[in-house]
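# Coordinates in review
Each chain, written out:
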There are 2 protein chains.
Amino acid sequence: MKALEEKIQKEGQVYPGNVLKVGSFVNHQIDIPFMCECGKEFYNEFKDAGVNKVLTIEASGIAIAALTAQYFNCPMVFAKKTKTSNIADNVLFATVKSYTHNCVNQIMVEKQFVNPGDKVLIVDDFLAMGEALNGLIKIVEDAGAEVVGAGIIIEKAFQEGGAALREKGYKIHSLARVQSMDAETGKIEFVD
Amino acid sequence: MKALEEKIQKEGQVYPGNVLKVGSFVNHQIDIPFMCECGKEFYNEFKDAGVNKVLTIEASGIAIAALTAQYFNCPMVFAKKTKTSNIADNVLFATVKSYTHNCVNQIMVEKQFVNPGDKVLIVDDFLAMGEALNGLIKIVEDAGAEVVGAGIIIEKAFQEGGAALREKGYKIHSLARVQSMDAETGKIEFVD
């Protein structure tokens, strides 16, 4: 998605440790009209797949997942990162390492919200090592539902998550695929 | 909003400690078409207020805030609850007690995303003691911006948050106002 690559070039900031900061439009302040366009892209890509549920993980996936789900006219579910005092015991779990936050989270979805026969589109802001996506896929498949694919705003294509998942047969649609980025020069290159 | 009251009656579950669980459509699974209608209600209420930014707090406010912001055609910002490794030092802070999670959070927004002259609509799923809303108001006002009001899905009107904020002159628009609820009988009554 050309407009997204341009926006990343303009507003994205590269930090050491493969950190690409896009807090001005993706995951702190959210450029809502622009993210609606991203949601439409996901809809166009997956509109014939029978999607009846969109799944993401808190917190930075929620806005784009909500905006995307409206084009499918279906519910959105987000996996939670901590056990709150008013969540049911009847939950689906996965363990997810966060390289950004340098921690391991249990993520969970109440069983009642993902059911056998569901056709689930997973949406998230970033794909790098694939940790979050693998956790969400595990939750969907443990529920006996089907992952129809994943819509990702920015894939760090120089990390192995996307390649490994495509190798397993999952359809991963990333709107921008970063080939390389350099914290010293700030230069960001995309996969052709 | 009659349809919301009906939905709360049908799907809401009351637990001891004034917990109203609406995870089937508000804050775990999100009924996106329905939440779009709620967002339109907020738009209708505040459309003449010059809103140029919607503010919420992670995680359960994000979906409704994103859907609401699209009607205002403006950006949405969400306050974060923990200091991540890639957030700037230049942030606005507030301290917020969560009665649901029984903890105290620092919430923060990068200064660059709330500016003097901004007219900010705050959106959240619940208003009870007003802790989160007070924290978000502090952040907006510390930035020299203006709170034009707050759009709330469910207000627990038997707790003091809403009354105290209206007393101070803030416009609080709650789509459903719970007068009382009973964990034993499951009965929920709304303010007329």
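Cut-offs applied
- Residues numbered from 1 in each chain as written.
- Chains lettered and ligands numbered in written order.
- Predicted model: local features only at pLDDT ≥ 70, side-chain atom pairs only at ≥ 80, totals over all residues.
- Heavy atoms only, no water.
- Helix = DSSP H or I, 4+ residues; strand = E, 2+ residues; numbered from the N terminus.
- Expected span 1.5 Å × (residues − 1).
- Buried < 20%, exposed > 50% of the residue type's maximum accessible area, 1.4 Å probe, protein only.
- Polar contact = N/O pair within 3.5 Å; in protein donor to acceptor, adjacent residues only side chain to side chain.
- Axes fitted to C-alpha atoms, helices over the stretch in contact; angles between N-to-C directions.
- Parallel < 35°, antiparallel > 145°, perpendicular 65-115°, else oblique.
- Left-handed = near helix turned anticlockwise from the far one by under 90°.
- Contact = heavy atoms within 4.5 Å.
- Nonpolar A, V, L, I, M, F, W, Y, C, P; charged D, E, K, R; others polar.
- Least-squares fit on C-alpha atoms with pLDDT ≥ 70 in both.
- Buried area = accessible area lost by both parts, 1.4 Å probe.
- Salt bridge = Lys/Arg side-chain N within 4 Å of Asp/Glu carboxyl O.
- pLDDT = per-residue confidence, 0-100.
- Pairing = 2+ DSSP bridges.
- Right-handed = clockwise from strand over helix to strand, strands pointing away.
- Disulfide = S-S within 2.5 Å.
- Phe/Tyr/Trp six-rings, centres within 6.5 Å; stacked < 30°, edge-to-face > 60°.
- Lys NZ or Arg CZ within 6 Å of the ring centre and 35° of its normal.

Glancing now at helix 2 (residues 32-46) of chain B. Residues and elements named next belong to chain B. The end-to-end C-alpha distance of helix 2 is 21 Å, a good match for the 21 Å that 15 residues give at a rise of 1.5 Å each. Among all positions of helix 2, only I32, F34, M35, C36, C38, G39, F42 and F46 are buried. By the N-cap criterion, in which a side-chain oxygen at the helix start approaches the backbone nitrogen of a residue two or three places on, helix 2 is capped by D31, the distance to F34 being 3.1 Å.

Let's shift gears to the packing of helix 2 (residues 32-46) of chain A against helix 3 (residues 62-72) of chain A. Working note: a packed helix pair is described by the angle between its axes plus the distance between those axes. Residue and element names in this part refer to chain A. At a minimum axis distance of 8 Å, the contact between helix 2 and helix 3 shows a crossing angle of 50 degrees. Relative to helix 3, the element helix 2 is oriented oblique. Considering the relative orientation of helix 2 and helix 3, their crossing is right-handed. Contact with helix 2, carried on its side by I32, M35, C36, C38, G39, K40, F42, Y43 and F46, involves I64, L67, T68, Q70, Y71 and F72 of helix 3 and no other residues of that element. Residues that form the contact of helix 2 with helix 3 fall into these classes: eleven nonpolar, three polar and one charged.

This brings us to unusual backbone geometry. Residue and element names in this part refer to chain A. The omega angle of the peptide bond from E58 to A59 is -5 degrees, so this bond is cis rather than trans. Mapped onto the elements, A59 comes out in the loop between strand 4 (53-57) and helix 3. At N73, a residue that is not glycine, the phi angle is positive and equals roughly 55 degrees. On the secondary structure map, N73 appears in the loop between helix 3 and strand 5 (76-79). Judged by relative accessible area, N73 falls into the exposed class, the value being 57%.

Attention now goes to the relation of the copies chain A and chain B. By a simple turn and slide, chain A fits onto chain B: the slide is 0.0 Å along the axis, the RMSD is 0.0 Å, and the turn is 180 degrees. Overall, the copies show the geometry of a two-fold rotation axis. With an isologous cut-off of 70% or more, the 100% of interface residues of chain A that recur at the interface of chain B puts this contact in the isologous class.

Below, the discussion takes up the interface of chain A and chain B. Taken together, the contact between chain A and chain B spans 39 residues of the former and 39 residues of the latter. In this assembly, chain A packs against chain B so that about 3,200 Å² is buried in total across both faces, 62% of it on carbon and sulfur atoms. Taken together, the links from chain A to chain B amount to two salt bridges. Across the pair E110 of chain A and K21 of chain B runs a salt bridge, and its minimum N-O distance is 3.3 Å.

We now examine the environment of G61 of chain B. By the secondary structure assignment, G61 of chain B is in the loop between strand 4 (53-57) and helix 3 (62-72). Under the relative-accessibility criterion, G61 of chain B is labelled buried at 0%.

Glancing now at the confidence of the model for chain A. Looking at chain A, the pLDDT average stands at 94 and 96% of residues meet or exceed 70. For this predicted complex, the interface confidence reaches an ipTM of 0.95, while the overall pTM sits at 0.95.

This next bit is on the pairing of strand 9 (residues 146-156) of chain B. Residue and element names in this part refer to chain B. Taking burial as the measure, the eleven residues of strand 9 include ten buried ones, the bulk of the element. Looking at chain direction, strand 8 (residues 119-127) and strand 9 are connected through eight bridges and run parallel. Note on strand 9: the bridge partner recorded for L127 is E155. In this fold, the crossover linking strand 8 to strand 9 by way of helix 4 (residues 131-142) has right-handed handedness. Strand direction decides the pairing type here: strand 9 and strand 10 (residues 172-181), joined by six bridges, are parallel. Pairing of I152 across the sheet is with S174, part of strand 10.

Here a disulfide denotes a covalent bond joining the sulfur atom of one cysteine to the sulfur atom of another. This structure, assessed with the given rule, holds zero disulfides over all chains. Looking at the unpaired C36 of chain A, the closest cysteine sulfur is the one in C36 of chain B, lying at 9.2 Å. The buried category is assigned to C36 of chain A, whose relative accessible area is 8%. Cysteine C74 of chain A remains unbridged, with the sulfur of C36 of chain B as its closest cysteine sulfur at 11 Å.

Here we take up the packing of aromatic side chains. The tally for this structure, following the rule as stated, stands at four aromatic pairs over all chains. An angle of 70 degrees between the planes, with centres 5.0 Å apart, marks the rings of Y43 of chain B and F72 of chain B as edge-to-face. Note that Y43 of chain B is positioned in helix 2 and F72 of chain B in helix 3, a separation of 29 residues in sequence. In this structure, K7 of chain A is placed above the aromatic ring of F25 of chain A, and the distance from its NZ or CZ to the ring centre is 5.2 Å. Lying over the aromatic face of F34 of chain B, K7 of chain B brings its terminal NZ or CZ to 5.2 Å of the ring centre.

Ordered in space as 3(A)-5(B)-4(B)-8(B)-9(B)-10(B)-11(B), the seven strands form an open sheet in which the pairing is mixed. The two strands at the open ends of the sheet, each matched to only one other strand, are strand 3 (29-30) of chain A together with strand 11 (188-190) of chain B. One ladder, built from three bridges, connects strand 4 of chain B with strand 8 of chain B; its direction is parallel. Note that in strand 8 of chain B the partner of V54 of chain B across the bridge is L121 of chain B.

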